[in-house]
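# Architecture at a glance
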Amino acid sequence: MAPANPLANWEKVDDSFYRKIPVYDAVFDEDTELENYIVVGAPYGGAIALYRDESKPFQLRDSQASRSCIEIYSCSGKQITRINWEQATIRGLGWSDKEELLVVSEDGTVRRYFGLDGEFTSFSLGNGAEEYGVRACQFWSSGLVALLSNNQLIAVSKYDEPRPRALAPCPEGEVSSWSLIPPAHTLSRSVEVLLAVDKTVYSIDSTEAEDKILQDGPFKNLAVSPSGRFVALFTAEGKLWIVSSDFQNKLSEYDSKSRVAPSSVSWCGDDAVVLAWEDEVHLIGPNGAASKYYYDGRVHVIPEFDGVRLLTNDNCEFLHKVADVTQEIFRLGSSSPASVLLDSVEQLEKKSPKADENIQRIRPSLPSAVDACIRAAGHEFDSYWQKRLLKAASFGKSVLELYNSDEFVEMTEKLRVLSAVRDYHVGIPLSYEQYLRLTPEGLIDRLINRHEYLLAIRVSEFLQIPADRIYVHWASQKVRVSTGDDDTVCKLIVQRLEGKPGISFEIIAQTAYDEGRSHLATQLLNHEPRAGKQVPLLLNMEEDELALDKAIESGDDDLVNYVLLHLKTKLPLASFFRMINTRSMASALVETAARIDDTELLKDLYYQDDRPMEGSNVLMTEALRESDPQRRLEKLHLASRLLSDSKDPSVVFQQKLVAEASQLLKAQEALDKDLADHGEYSGLSLNETIYRLIRAGYGKRAHKLQNEFKMPEKTFWWLRLRALVAKRDWGELEEIAKTKKSPIGWAPFYNEILGAGNTKLASLFVPKCTHLPVADRIEMWVKCGMIVKAGEEAQKIKDIHTLESLRTKASGSASTEIERMINQLRPRK
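Our subject in this report is the structure included herewith. (Residues numbered from 1 in each chain as written. Predicted model: local features only at pLDDT ≥ 70, side-chain atom pairs only at ≥ 80, totals over all residues. Heavy atoms only, no water.)

### What to know about the overall build of the chain
Scanning the chain from N- to C-terminus turns up 32 helices and 29 strands. The buried share of the chain, taken over its 829 residues, is 49%. Only carbon and sulfur atoms are counted for the fraction: they give 48% of the accessible area of the chain, which is about 41400 Å². (Helix = DSSP H or I, 4+ residues; strand = E, 2+ residues; numbered from the N terminus. Buried < 20%, exposed > 50% of the residue type's maximum accessible area, 1.4 Å probe, protein only. Areas by Shrake-Rupley, 256 points an atom, 1.4 Å probe, with all protein chains shown as cover.)

Structure follows, in structure tokens:
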């Protein structure tokens, strides 16, 4: 079969060429009657939604036809799904860039269908939509604007997080047409709406409605170019105006010679406008130049950013501007290097020497010619010309000594992918520019939504993109449609996904749970390697113990704490404790957290776990923090009761300590009442209480407490010594020096008193330190400044060396006395 002429479908409009490429034929069968439907297409060669136009009468053929529905087709006419519609009248149909169908009903309810399988989320426009009713809608890639019957405009900027808000109040009057400028193309970065009211146009954003002060309305149609720079206006006289988006400049005018407004006004890229009537299409370029196309039936126009899709019952076509590089190569009479390079391939096949002559002629421009052929191949839909252009590029680069082939390889890969998805069985007629914008990941998402899993996997492998989400979607779909038992389905899914990297069984299990197959969900979760993915779903499924065990197995404290917090909120306290008692890690984490900020839970935990010692410790800690004596005693009494039934020796000892603490608190309360106007003793330890009593001069009270609590004599003497020294009660200490025995010895008295600076009193205790070596006593006398006394100690043991050392420290009479002692010890001649 001879190749088609590359110029066959070219039409010159002003200085540019446009071409209408047949993409699919025999799209819809005759029964569909496309003229009776509202047709809306998703961007990037996406799916097509058909909804019967209720303003047109139709004949009922069967009971199925009597039911309102939205039918979703591919561009090749393959039905993808059917959505039954029994809600309020539809006032808006649109698509997002992610191929999500948006359906807006008259009462302001918006349904967002995702995945092309009928699943949806919904939200309400509010702001009076239910009261006044939605009249019409306009959409952009991530949002929509609804026009109410009272001319109020409501905008939603994100479908993922819909927050409907009213735009500035609109002027009263009949709205003849309207359009919007997406946020990406406005200075305010928020959507702006162009509203044709009476004879003028208003620009409306969130703050104001600006009158553009036009006099030639009403404008029957209004459309904004893909870049937001230009606006097309169709007047009641049948004229098309092209103006700048600020309405300051009128760029061109075209007279359609039709007083009947077109069914649609759409932009073909940013340079031309398409007017469509029932069976007639006008393509209007700059300066009012036009080309006309005629059809046997109704034609629907689906805008793309780089052209338009033209859809009839029989055909799907793509009308777009011929790329500059394509014009450069194929234009009649072209002598560009790329055109010569393409001709060289034909000469080479004929084995003509002219092939080499051509190469030599364009050799200086050969690299750019190769690049041009590669780029032109991307813009071709016909595989014959794709191959011819790539062959020309391959021939050209083989002649060059140095040429980076990366672009050639990438274009070959892209064309293989585009060829696969353009096949009528798939029905995604992407242009090269659309593919670049959609991205390979976006294309794979569209294949997944059409359940073209095998092709999606092959594309992923070919482009070296992870395929895990494809497998997960396949498994989720298998769960939805499978009628087999849970064990069989689980085994099938696990076998198919075995060894595949990055598989999230949590998503598949979530699908099973949503489908009411809890057992299957639990089985699938056992194959999820990440505990952080297993646990939340198990909790949602109310598999609490399993969730806790999985969290503990992971060894992740944060994950275990997350589960424990959920269970504590959900379960009765007794059930919660029973669940954690057999799991030491969970119990330890609860105990650690409760010790910091929830002592009531901690006490309950110790009680439930039969740990009276720990429970009493918590109560004693609380008692020590209490400022009110009565409350403190109550806490100690509770601590004692906790310990009362136990026969464990350590618990008995603890109970004794608690009893003594209560007794001490009562004694301190009596002391505060008798000896002070405010709480001076309450809360102190026994040692501190006795110390403070002695220092305050209440020695008898201190002795009484010593006897009551059986304080060791040594401890009491130490407290008494330090209190008297701190009090500077030298008289009492002098009286103590007259006693014969001290439980703590006499050295502490010497040290404490000397430290307080009373050397004279300290010296009284030196002779009593008989258990100390003489050298130590000599040092003690020296520290008291009594050199002679030190000398006497040395003389007794006849230590002449020490006496000579003391002589250097002595002065006056002390020096004479030390000299006398030395002479007595020296042997006589």
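From this point on, the discussion continues.
### Here we look at the sheet that holds strand E6 (residues 79-84)
One open sheet accounts for four strands, arranged E3-E4-E5-E6; its pairing is antiparallel. Each edge of the open sheet is held by one strand with a lone partner, namely strand E3 (37-41) and E6. Averaged over all neighbouring strand pairs, the angle between strand axes comes to 20 degrees, with direction disregarded. Of the strand pairs in this sheet, strand E5 (residues 69-73) and E6 are connected by five bridges, and their pairing is antiparallel. Across the sheet, Cys-69 pairs through a bridge with Asn-84, a residue of E6. (Pairing = 2+ DSSP bridges. Axes fitted to C-alpha atoms, helices over the stretch in contact; angles between N-to-C directions.)

### A look at the packing of aromatic side chains
Between two aromatic rings, the relevant description is the distance of the centres plus the angle of the planes. Within the structure shown, the criterion is met by 14 aromatic pairs. When the centroid spacing of 5.1 Å and the interplanar angle of 80 degrees are considered together, the rings of Phe-28 and Tyr-73 count as edge-to-face. Linking Phe-28 in the loop between strand E2 (16-25) and E3 with Tyr-73 in strand E5, this pair joins segments that are 45 residues apart in sequence. There is no split in this pair, since Phe-28 and Tyr-73 are both buried. Judged by centre distance (6.4 Å) and plane angle (75 degrees), the rings of Phe-234 and Trp-277 are edge-to-face. Here Trp-277 lies in the loop between strand E24 (272-276) and strand E25 (280-284) and Phe-234 lies in strand E20 (residues 230-235), a separation of 43 residues in the sequence. Given a relative accessible area of 11%, Trp-277 falls into the buried group. What links up through ring pairs into an aromatic cluster is the set Trp-717, Trp-746, Phe-749 and Phe-765. (Phe/Tyr/Trp six-rings, centres within 6.5 Å; stacked < 30°, edge-to-face > 60°.)

### With respect to the side chain of Asn-758
With respect to the element layout, Asn-758 can be found in the loop between helix H27 (747-755) and helix H28 (759-763). Given a relative accessible area of 18%, Asn-758 falls into the buried group. Setting aside residues up to four positions removed in sequence, Asn-758 forms contacts with Trp-730 and Ile-753. (Contact = heavy atoms within 4.5 Å.)

### Let's talk about helix H17 (residues 573-581)
The α-helix advances 3.6 residues per turn, and as a result positions three or four apart in sequence lie on the same side. Looking at H17, one finds that the buried residues are Phe-576, Phe-577, Met-579 and Ile-580. Mapping the buried residues of H17 onto a view down its axis gives an arc of 160 degrees, with all of them on the same face. (Arc of directions from axis to C-beta.)

### Topic: unusual backbone geometry
Comment: phi is negative for the bulk of residues other than glycine, and the bulk of peptide bonds are trans. Although it is not a glycine, Asp-14 adopts a positive phi angle of roughly 60 degrees. Mapped onto the secondary structure, Asp-14 falls in the loop between strand E1 (10-13) and E2. Its identity as a non-glycine residue notwithstanding, His-451 has a phi of 60 degrees, on the positive side.

### Focus on helix H3 (residues 337-349)
Taking 1.5 Å of rise per residue, the 13 residues of H3 would be expected to cover 18 Å, and the 19 Å separating its terminal C-alpha atoms lies within 8% of that figure. Among the residues of H3, Ala-338, Ser-339, Val-340, Leu-341, Leu-342, Ser-344, Val-345 and Gln-347 are the ones counted as buried. Immediately downstream of H3, the backbone of Lys-351 shows phi near 60 degrees, a positive value. (Expected span 1.5 Å × (residues − 1).)

### Overview of the sheet that holds strand E14 (residues 165-166)
With antiparallel pairing, four strands are arranged side by side in an open sheet as E11-E12-E13-E14. Two strands bound the open sheet, and with one partner strand each, they are strand E11 (134-140) and E14.

### Some remarks on the pattern of salt bridges
Overall, the coordinates contain 33 salt bridges when judged by the stated rule. Between Lys-78 and Glu-452 there is a salt bridge; the shortest N-O distance is 3.4 Å. Of this pair, Lys-78 sits in the loop between E5 and E6 while Glu-452 sits in the loop between helix H8 (432-449) and helix H9 (453-463); the two residues are 374 residues apart in sequence, bridging distant segments of the chain. Via salt bridges that share partners, Lys-98, Glu-100, Arg-112 and Asp-160 belong to a single interconnected network. (Salt bridge = Lys/Arg side-chain N within 4 Å of Asp/Glu carboxyl O.)

### Overview of the nonpolar core
A general trend in soluble globular proteins is that nonpolar side chains are found buried together. One finds Leu-341, Ile-493, Leu-497, Ile-508, Leu-524 and Leu-564 to be the most contacted residues of the largest nonpolar core, which totals 97 residues. Top contributing element to this core by residue count: helix H5 (residues 366-378), with eight residues. In this view, Leu-564 contacts Leu-548, Phe-576, Ile-580, Ala-586, Leu-589 and Val-590; residues no more than four positions away in its chain are not counted. With 51 residues, the next largest nonpolar core counts Ile-690, Ala-702, Met-780 and Ile-818 among its residues. (Core = buried A, V, L, I, M, F, W, Y, C linked by side-chain atoms within 4.5 Å.)

### Re the environment of Pro-22
Looking at where Pro-22 falls in the secondary structure, it is placed in strand E2. For Pro-22, a relative accessible area of 56% gives the class exposed. Not counting the four nearest positions on each side in its chain, Pro-22 is found in contact with Asn-9, Cys-316 and Glu-317.

### Regarding the pairing of E24
Most of E24 is tucked away: five of the five residues are buried. Residues Ala-272, Val-274 and Ala-276 of E24 are buried on one face, and the alternating residues Val-273 and Leu-275, pointing to the opposite face, are buried as well. Sheet topology note: the strand E23 (residues 264-268)/E24 ladder contains five bridges and is antiparallel. When the sheet's bridge partners are listed, Ser-266 is paired in E24 with Val-274. Linkage of E23 to E24, two consecutive antiparallel strands, is achieved through a turn of three residues, within which Gly-269 is found at a positive phi near 70 degrees. One ladder, built from four bridges, connects E24 with E25; its direction is antiparallel. Note on E25: the bridge partner recorded for Val-273 is Ile-284.

### Some remarks on the environment of Glu-346
Positionally, Glu-346 belongs in helix H3. You can call Glu-346 partly exposed: its relative accessible area is 35%.

### What to know about the pairing of E11
Two strands pair when backbone bridges link them, and E11 and strand E12 (residues 143-148) are joined in this way by six bridges, in the antiparallel orientation. Pairing of Val-134 across the sheet is with Leu-148, part of E12. The turn linking E11 back onto E12 is made up of two residues.

### Examining the packing of H9 against helix H10 (residues 468-481)
One can describe the packing of H9 onto H10 by two numbers: an axis separation of 10 Å at closest approach and a directional angle of 165 degrees. One way to sum up the angle between H9 and H10 is to call them roughly antiparallel. As for how H9 packs across H10, the hand of that crossing is left-handed. Each of Tyr-453, Ala-456, Ile-457, Ser-460 and Glu-461 in H9 lies in contact with H10, whose residues at this interface are Ile-470, Tyr-471, His-473, Trp-474 and Gln-477. Considered class by class, the residues forming the contact of H9 with H10 number six nonpolar, three polar and one charged. (Parallel < 35°, antiparallel > 145°, perpendicular 65-115°, else oblique. Left-handed = near helix turned anticlockwise from the far one by under 90°. Nonpolar A, V, L, I, M, F, W, Y, C, P; charged D, E, K, R; others polar.)

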